[in-house]
Amino acid sequence: MKLGEGVEAAIHCAAMLAGVDGNSTMSGAAMAEAFGLSPSYLLKHLNQLTAARILESVPGPAGGYRLARAAERITLLDIVLAVEGREPAFRCGEIRQRGPIKLDASAYVKPCGINTAMLKAERAYRAALAETKLSDIVANYAAEGDPRSIAASCAFVERHQRPQKSASSKQI
């Protein structure tokens, strides 16, 4: 199964946003810089994550993105489906019913064995992604990542996060 590069970018950005303080945000441009991606390319995926309510987009000069819910409530499956869509990776075209060896429709009453096997694999794959929370990925990185990489990531987040005024501190 091949997933697009956007899935990797989306998971990395969500993991990075799990590290911002409180209700702070981070700009899409900063995340694109962090991962060496084109801002316009990344924006497409950030918009998909926002539409799926994984991220929240905060408008304004100090705006940006933040997680829409706790990292413990976001699974890798949520992110993959937001970027790749809900359709199964394998789509049976029933090619067994085409060409010179096709038979009458009555010969194809049983489901295609290839389709059955592929959908079974898809269910297992999705179940594994559904079991893995974004918070698990972040915790694993914190526990097992190279300390230099962790320090660099934390410093980047600290420099680029944008604190937001809380509702109680806004002037009326």
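Keep in mind the model is a prediction, meaning the values are calculated, not measured.

1. Here's the deal with helix α4 (residues 76-84)
Along an α-helix, residues three or four apart share an orientation, since each turn contains 3.6 residues.
And then number 1: With 7 of its 9 residues buried, α4 lies for the most part within the structure.
And then number 2: For α4, the complete set of buried residues consists of L76, L77, I79, V80, L81, A82 and V83.
And then number 3: Buried residues belonging to α4 abut α1 (5-17), α3 (39-51), α5 (113-131) and α6 (134-144).
And then number 4: Once α4 finishes, G85 follows within two positions and takes phi at roughly 95 degrees, a positive value.

2. Examining the layout of surface pockets
And then number 1: One number sums up the size of the largest pocket: a volume of about 460 Å³.
And then number 2: Residues of the lining of the largest pocket, tallied by class, amount to 11 nonpolar, 5 polar and 2 charged.
And then number 3: The computed volume of the second largest pocket comes to approximately 150 Å³.
And then number 4: If you go around the second largest pocket, you meet 14 residues; those closest to its centre are L3, E84, E87, A89 and E122.
And then number 5: Where the lining of the second largest pocket is concerned, the elements lending two or more residues are α4 and α5.
And then number 6: Here the lining of the second largest pocket is composed, by residue class, of 7 nonpolar, 1 polar and 6 charged.

3. Things to note about unusual backbone geometry
And then number 1: In this structure, R53 is a non-glycine residue whose phi angle is positive, near 60 degrees.
And then number 2: Topologically, R53 is positioned in the loop between α3 and β2 (55-58).
And then number 3: Classification of R53 by relative accessible area gives exposed; the value is 65%.
And then number 4: Of note, E94 is a non-glycine position whose phi angle comes to about 50 degrees, a positive value.
And then number 5: With respect to the helices and strands, E94 occurs in the loop between α4 and α5.
And then number 6: On the basis of relative accessible area, E94 is assigned to the partly exposed category, the value being 24%.

4. A closer look at the pairing of β2
And then number 1: Relative to strand β3 (residues 64-67), β2 runs antiparallel, the two being bridged by 4 bridges. Bridge pairing links S57 to Y65 in β3.
And then number 2: Between β2 and the antiparallel strand that follows it, β3, lie 5 residues; G60 among them carries a positive phi value of about 105 degrees.

5. Overview of the nonpolar core
And then number 1: Judged by nonpolar contacts, the single largest core of 34 residues is most densely connected at M26 and M31.
And then number 2: Within the residue set of this core, elements represented by two or more residues are α1, α2 (28-35), α3, β3, α4 and α7 (147-160).
And then number 3: With 8 residues, α1 is the largest single contributor of residues to this core.
And then number 4: Discounting residues that sit within four places of it in the chain, M26 has contacts with M16, L17, V20, M31, G64, Y65, F156, V157, H160 and Q161.

About the thresholds
Residues numbered from 1 in each chain as written. Predicted model: local features only at pLDDT ≥ 70, side-chain atom pairs only at ≥ 80, totals over all residues. Heavy atoms only, no water. Buried < 20%, exposed > 50% of the residue type's maximum accessible area, 1.4 Å probe, protein only. Helix = DSSP H or I, 4+ residues; strand = E, 2+ residues; numbered from the N terminus. Contact = heavy atoms within 4.5 Å. 1 Å grid on protein atoms, 1.4 Å probe; cavity = no way out; pocket = protein on both sides within 12 Å on 5 of 7 lines; lining within 4 Å. Points joined across faces, edges and corners; volume = space filled by probe spheres on them. Nonpolar A, V, L, I, M, F, W, Y, C, P; charged D, E, K, R; others polar. Pairing = 2+ DSSP bridges. Core = buried A, V, L, I, M, F, W, Y, C linked by side-chain atoms within 4.5 Å.

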